[in-house]
Amino acid sequence: MSAPVKTSARKSDAKTRKDPAPQGTTTSAPAPATAPPAAPRDPAPATANTVPRSFVTRLLSFVSSMIAGLWAMVLSAVDRISAFIGDWLFNGKKALYGLAVTRILFGVTAIGLLASNFGTRLYTFGSGSAWNGELAEPVSEFPKIWAFSAFHAAMGNDVLYTALYLLLGVLAVLFVLGWRFRIVLPIFFCLWVGFIEANDMVGDQGDNMFRIALLLLLFADPAARWSLDARRRAKSGEWFAPNSQPALLGTMFHNLALVALAAQVFFVYASGALYKAGGAPWEEGYAVYNPLQTARFGTWPVLSDLVTAWGPMVTIASWGSILLQVAFPLMLLTRPTRLIGLLGILSFHIGIAVLMGLPWFSLTMIAIDAIFIRDRTWGRLSAGTKRRWQEAGAAPPPATPEAVPPVRTVV
């Protein structure tokens, strides 16, 4: 017999596998296996048939990239510079204290010149100077312009000329005080130019700088500090509201006038130094000696002999003045060199005033150089001076020693 049991066992086993799961039971399928994250793909390697760029193509691509980068740098620099210029021009008036010092020293210069020439005013500028032909036909073109012709028209009348002379002195005092400066300045400018140009033989280069600076001051605000106008503004306020269009326009004109004045000073110093450097006396180092030994400029013969007695000092003064004038604009860029430059140029002008007898020229240039001193420095100087003045007024009087009775001696 074959094994029927085994056959039935296989059938029952197969049946069991075919039967569905019993009712009431749940079956869950096995969770599918999660695939590992795909690794980043490497860039496809260059195929063997890729053609490399030629040298000309690479060069053109490099040049175009450099030009684009350079152009971007230029545009960025232009943007930064224009932003700086706009901020500098419109964000407040610059060098207010410096221009106030310029105004005061200009007025002192005018007062000193008028006072020192008052005794000889008619001979130097008035009817007594008719011998030089200026009364009939002025050398300068300014007296031919109606705005500057007052003194030339009054040259033949001593009383009228003296009246104009005194009026100019009064305007110079008001110029120093800063009283109604916007009204006083144009009148003073016209009369001063007419007075100086009445006799072309007695002028100097300081007159030219004085005239140019006065013209530029018409667009600036030199009476904003240390003036009667500044005191009145502090009580009644400014004419225009801050940040209004007229106020911004006035700020721009003020700062532009300051730039023009500084440029004029730089041009005078640099051109004067280069002109000196081309002369043999300056090259050989004895140029300072010549004017100090003349009757016109050697106003203090004993002092001139003392200064020019030592040869190396003459050479140092000759060459040093050239170097100082040429380097002066660059020395203003940093604080240490600015101090050296300002002290050097101040000493230079004081030497000219004392040794060569040109005080009004030197005072004019010193007045203009005051704009290169920062307002912070002038402000500290003003505050310190005011504080010491108040302390001196409030200090108690010095104690007087008590009276000591005389000692009697018995002989």
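Note that the coordinates shown come from a computational prediction; the quantities given were computed from them, not determined experimentally. (Residues numbered from 1 in each chain as written. Predicted model: local features only at pLDDT ≥ 70, side-chain atom pairs only at ≥ 80, totals over all residues. Heavy atoms only, no water.)

Peer 1: Can you walk me through the overall build of the protein in this structure?
Peer 2: Of the regular secondary structure elements, the protein holds 17 helices and zero strands. Residues counted as buried form 31% of the 411 residues belonging to the protein. Long-range contacts, defined as pairs at least 24 residues apart, comprise 74% of the intrachain contacts of the protein with a sequence gap of at least 6. Here the protein has roughly 27,000 Å² of accessible surface; of this, 69% comes from carbon and sulfur atoms. (Helix = DSSP H or I, 4+ residues; strand = E, 2+ residues; numbered from the N terminus. Buried < 20%, exposed > 50% of the residue type's maximum accessible area, 1.4 Å probe, protein only. Contact = heavy atoms within 4.5 Å. Areas by Shrake-Rupley, 256 points an atom, 1.4 Å probe, with all protein chains shown as cover.)

Peer 1: Mind showing me how you'd approach the pattern of salt bridges here?
Peer 2: Once their charged atoms are close, side chains differing in charge can pair, the charge on each being opposite to the other. Scanning all chains against the criterion turns up eight salt bridges. Here Asp221 makes a salt bridge to Lys93, at a shortest N to O gap of 3.1 Å. Taken together, the residues Asp221 in the loop between helix H8 (205–217) and helix H9 (228–236) and Lys93 in the loop between helix H2 (55–90) and helix H3 (96–116) connect sequence positions 128 residues apart. For Asp221, a relative accessible area of 3% gives the class buried. Residue classification places Lys93 among the partly exposed positions, given a relative accessible area of 30%. In this structure, Lys144 engages Glu137 in a salt bridge whose closest nitrogen and oxygen atoms are separated by 3.2 Å. Counted as one network, the salt bridges with shared partners bring together Lys93, Arg182, Asp221, Arg233 and Glu238. (Salt bridge = Lys/Arg side-chain N within 4 Å of Asp/Glu carboxyl O.)

Peer 1: Which parts of the structure should I look at to understand the packing of aromatic side chains?
Peer 2: Each pair of aromatic rings is reported with the distance of its centres and the angle of its planes. Summed over all chains, the structure comprises 21 aromatic pairs. Connected via pairs of aromatic rings, a cluster forms that spans Phe106, Phe118, Phe125, Phe151, Tyr161, Tyr165, Phe175, Phe181, Phe188, Trp192, Phe195 and Phe210. Between the NZ or CZ atom of Arg121 and the centre of the ring of Phe118, over which it lies, the distance is 4.2 Å. Note that Arg225 overlies the ring of Tyr97, its terminal NZ or CZ placed 5.4 Å from the centroid. (Phe/Tyr/Trp six-rings, centres within 6.5 Å; stacked < 30°, edge-to-face > 60°. Lys NZ or Arg CZ within 6 Å of the ring centre and 35° of its normal.)

Peer 1: Mind showing me how you'd approach unusual backbone geometry here?
Peer 2: The phi torsion of most residues other than glycine is negative, and most of the peptide bonds are trans. Positive phi is not limited to glycine here, since Ala95 has a value of about 55 degrees. If you trace the backbone, Ala95 turns up in the loop between H2 and H3. Notably, Asn243 is not glycine yet its phi reads approximately 65 degrees, a positive angle. On the secondary structure map, Asn243 appears in the loop between H9 and helix H10 (245–277). For Asn243, a relative accessible area of 67% corresponds to the exposed category.

Peer 1: Would you explain the side chain of Asn132 in this entry?
Peer 2: Following the sequence through the fold, Asn132 ends up in the loop between helix H4 (121–124) and helix H5 (150–153). There is a polar contact of 3.3 Å between the side chain of Asn132 and the side chain of Asn199. Leave out the neighbours within four places in its chain, and Asn132 touches Asn199 and Met201. (Polar contact = N/O pair within 3.5 Å; in protein donor to acceptor, adjacent residues only side chain to side chain.)

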